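Reading the structure
So you can see what is in the structure, the chains are spelled out below.
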Amino acid sequence: MTRIALITGSNKGIGYETARLLGSRGFAVLVAARDETRGRAAAEALGATFVPLDVVDDESIQRAASFVEAEYGRLDLLVNNAGLIGDLAEARGLPSGTTREALRQVFETNVFGVVAVTNAFLPLLRKADAARIVNVSSEVGSITSTTDPAGPLYQLVGIPYPASKTALNMVTAMYAKELRDTPIVVTAANPGYCATDLNGNSGFRTPEQGASVIVALATGEADASGGQLWGDLSLLGTADQNGVIPW
Ligand code: NAP
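Here goes a summary of the coordinates provided.

Reading the values: rules and limits
Residues take numbers from 1 onward in each chain, read along the sequence in its written order. Only residues with pLDDT of 70 or above have their local features reported here, since the model is predicted, and side-chain atom pairs are shown and tallied only from 80 upward, although totals for entire chains, interfaces and linings are computed over all residues. Side-chain numbers come from the whole structure's heavy atoms, not from hydrogens or water. Secondary structure elements follow DSSP: runs of H or I no shorter than four residues count as helices, runs of E no shorter than two count as strands, and numbering proceeds from the N terminus. When we talk radius of gyration, it's over C-alpha atoms, and the globule rule is simply 2.2 Å times the number of residues to the 0.38. We call a residue buried when its accessible area falls under 20% of the maximum for its residue type, exposed when it is over 50%, and partly exposed in between, using a 1.4 Å probe and counting protein chains only. Areas reported as accessible are Shrake-Rupley estimates using a 1.4 Å probe. Residue values count occlusion only from the protein chains shown. For the charge count, each Lys or Arg is scored as positive and each Asp or Glu as negative, with His and the chain ends excluded. For charged residues, the charge sits on one atom: NZ in Lys, CZ in Arg, CG in Asp, CD in Glu. Think of a 1 Å grid over the protein atoms and nothing else: a 1.4 Å probe that fits but is trapped marks a cavity, an open set flanked by protein within 12 Å on at least five of seven lines marks a pocket, and residues with an atom within 4 Å of a point count as lining. Grid points are joined across faces, edges and corners, and a volume is the space filled by probe spheres set on the points. When residue character is reported, Ala, Val, Leu, Ile, Met, Phe, Trp, Tyr, Cys and Pro are called nonpolar, Asp, Glu, Lys and Arg charged, and the others, Gly included, polar. Basic side-chain nitrogens of Lys or Arg form a salt bridge, by our definition, when they fall within 4 Å of a carboxyl oxygen of Asp or Glu. In this scheme, strands are said to pair when DSSP sees at least two bridges between them. For helices, the fitted axis covers only the stretch in contact; all axes are lines through C-alpha atoms, and the angles between them, taken along N-to-C directions, range from 0 to 180 degrees. A contact between two residues is defined here by any heavy atoms of the two lying within 4.5 Å. Near is defined per residue: the residue qualifies when any heavy atom it owns lies within 4 Å of the molecule or strand. In protein, a polar contact requires one atom able to donate a hydrogen and another able to accept it; more generally it is a pair of N or O atoms within 3.5 Å, and residues adjacent in sequence count only if both atoms are side-chain atoms. Whether a molecule lies in a cavity or pocket depends on its atoms, and more than half of them have to be within 2 Å of the grid points. Ring geometry is summarised as follows: Phe, Tyr and Trp rings, the Trp one being its six-membered ring, pair when their centres sit within 6.5 Å, and such pairs are stacked at plane angles under 30 degrees, edge-to-face over 60 and tilted between the two.

Here we come to the overall build of the protein. Each helix and strand counted, the protein has eight helices and eight strands in total. Since a compact globule built from 247 residues should have a radius of gyration of about 18 Å, the 17 Å found for the protein is in line with a globular shape. The dimensions of the protein, computed from C-alpha atoms along their principal axes, are 50 × 35 × 35 Å. Taken across its 247 residues, the protein has 51% of its residues classed as buried. Surface exposure of the protein reaches about 11200 Å², of which carbon and sulfur atoms provide 52%. Averaging the coordinates of the 19 positive side-chain charges in the protein and doing the same for the 26 negative ones gives two points 2 Å apart.

We now examine the layout of surface pockets. Taken as a whole, the largest pocket holds about 1300 Å³ of empty space. If you trace the largest pocket, you find 49 residues lining it, with I85, Y161, T196, L198 and N199 closest to the centre. Sorting the residues of the lining of the largest pocket by element identifies α1 (13-24), β2 (28-33), α4 (88-92) and α7 (160-178) as the ones contributing at least two each. For the lining of the largest pocket, a count of residues per class yields 24 nonpolar, 15 polar and ten charged. Of the volumes computed, that of the second largest pocket is approximately 150 Å³.

Under the criterion given, the structure shown has ten salt bridges. Between K12 and D197 there is a salt bridge whose closest N-O contact spans 3.0 Å. A residue pair is termed long-range when its members are at least 10 positions apart, and K12 in the loop between β1 (4-8) and α1 and D197 in the loop between β6 (185-190) and α8 (207-218) qualify at 185 residues. Taking relative accessible area as the criterion, K12 reaches 43% and is therefore assigned partly exposed. A residue is classified by how much of its surface remains accessible, and D197, at 51% relative accessible area, is exposed. For R205, the salt bridge is made with D232, and the minimal N-O distance between the two is 3.2 Å. Note that R205 is positioned in the loop between β6 and α8 and D232 in strand β7 (residues 229-232), a separation of 27 residues in sequence. As far as the burial class goes, R205 and D232 line up, both buried. One connected set of salt bridges, linked through shared partners, spans E17, R20 and E208.

Further remarks concern the sheet that holds strand β3 (residues 49-52). Spatial ordering of the open sheet is given by β3-β2-β1-β4-β5-β6-β7-β8, a layout of eight strands whose pairing is mixed. If you trace the sheet from one side to the other, it starts and ends with β3 and β8 (242-245), each paired once. For this sheet, the mean angle separating the axes of adjacent strands, direction not counted, is 25 degrees. Pairing of β6 with β7 involves three bridges; the strand directions are parallel. Bridging from a neighbouring strand, A188 pairs with L229 of β7. Across the face of the sheet, helix α3 (residues 58-71) comes into contact with β1, β2 and β3 while running at roughly 145 degrees to β3. Where α7 meets the sheet, its contacts fall on β5 (132-136), β6 and β7, and the angle it forms with β6 comes to roughly 160 degrees.

What follows concerns the site of the ligand. The environment of the ligand is formed by 28 residues, the closest being N11, R38, N81, Y161 and T196. At 3.4 Å, a backbone N or O of G83 approaches an oxygen atom of the ligand. Within the side chain of K165, a nitrogen or oxygen atom sits 3.0 Å from an oxygen atom of the ligand. Compared with its free state, where it exposes 900 Å², the ligand has 95% of that area covered by protein. At a threshold of 2 Å from the grid points, most atoms of the ligand map onto the largest pocket. Elements with a minimum of two residues in the shell around the ligand: α1 and α7.

Our next topic: the packing of aromatic side chains. Scanning the entire structure with this criterion turns up two aromatic pairs. Aromatic pair Y193 and F204: ring centres 5.4 Å apart, planes at 85 degrees, arrangement edge-to-face. Separated by eleven residues along the polypeptide, Y193 in the loop between β6 and α8 and F204 in the loop between β6 and α8 bring together distant segments of the chain.

Below is the structure:
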């Protein structure tokens, strides 16, 4: 039976590459995006189905879930990929200069959006024989990594984006615990530092490399039991290797 996968924010970047790789693995891919023109163009290029979905808009989320229920009756894979870094000056600014608004903007998408989307699609994931949820997180959310004086992330000082991914890690761990006795596996992916619009294309990995981490989790080739942050370890000095990253 063809597995149905929905990837939020898949009109470009790591999400687009994830959609492409999942399509090549035989998934029926639903390209979820907030912008109709960009979303349709991506879906057409991939031979996938476009689903309008803005993760900060509850009505949009509900409409997307209703569409998937009507068309497919279930969902086998949800990739919570949509994310933003926020105002870069703010993100790189010191915690003492961080505003409530800057935090709210990033948390709305990267954290609240993930919970809202996950809860809307859970009834459909429960209808699958063996479903997976992959939350696209980041090593910058690892408190262990960012507080290691010998590590490359020690120089990073900023609240909105890193704290949003720390919160997303906890969100992942909590869903994994709630769903541990069900066939739904929940896990978090660290794509590594990839060249995308998110970081002004400054990353040293390709979006495809980042997406391959997500696909490994989505297909159960990595972190089969879930509940972990898994992915690129290159920032830790072990280039081209994947593994479990400490929370
Ligand atoms: P990107 O190229 O900027 O793509 C971000 C995607 O999220 C875009 O499709 C964007 O849509 C979408 N998005 C943002 N807000 C949305 C909303 N409210 N509703 C629906 N879609 C929304 O960045 P990326 O690097 O591929 O990021 C993908 C994920 O990887 C993010 O969660 C990011 O935190 C994570 N990540 C990235 C890196 C990296 O080095 N690039 C490293 C670790 C983790 P629009 O086109 O409409 O803006």
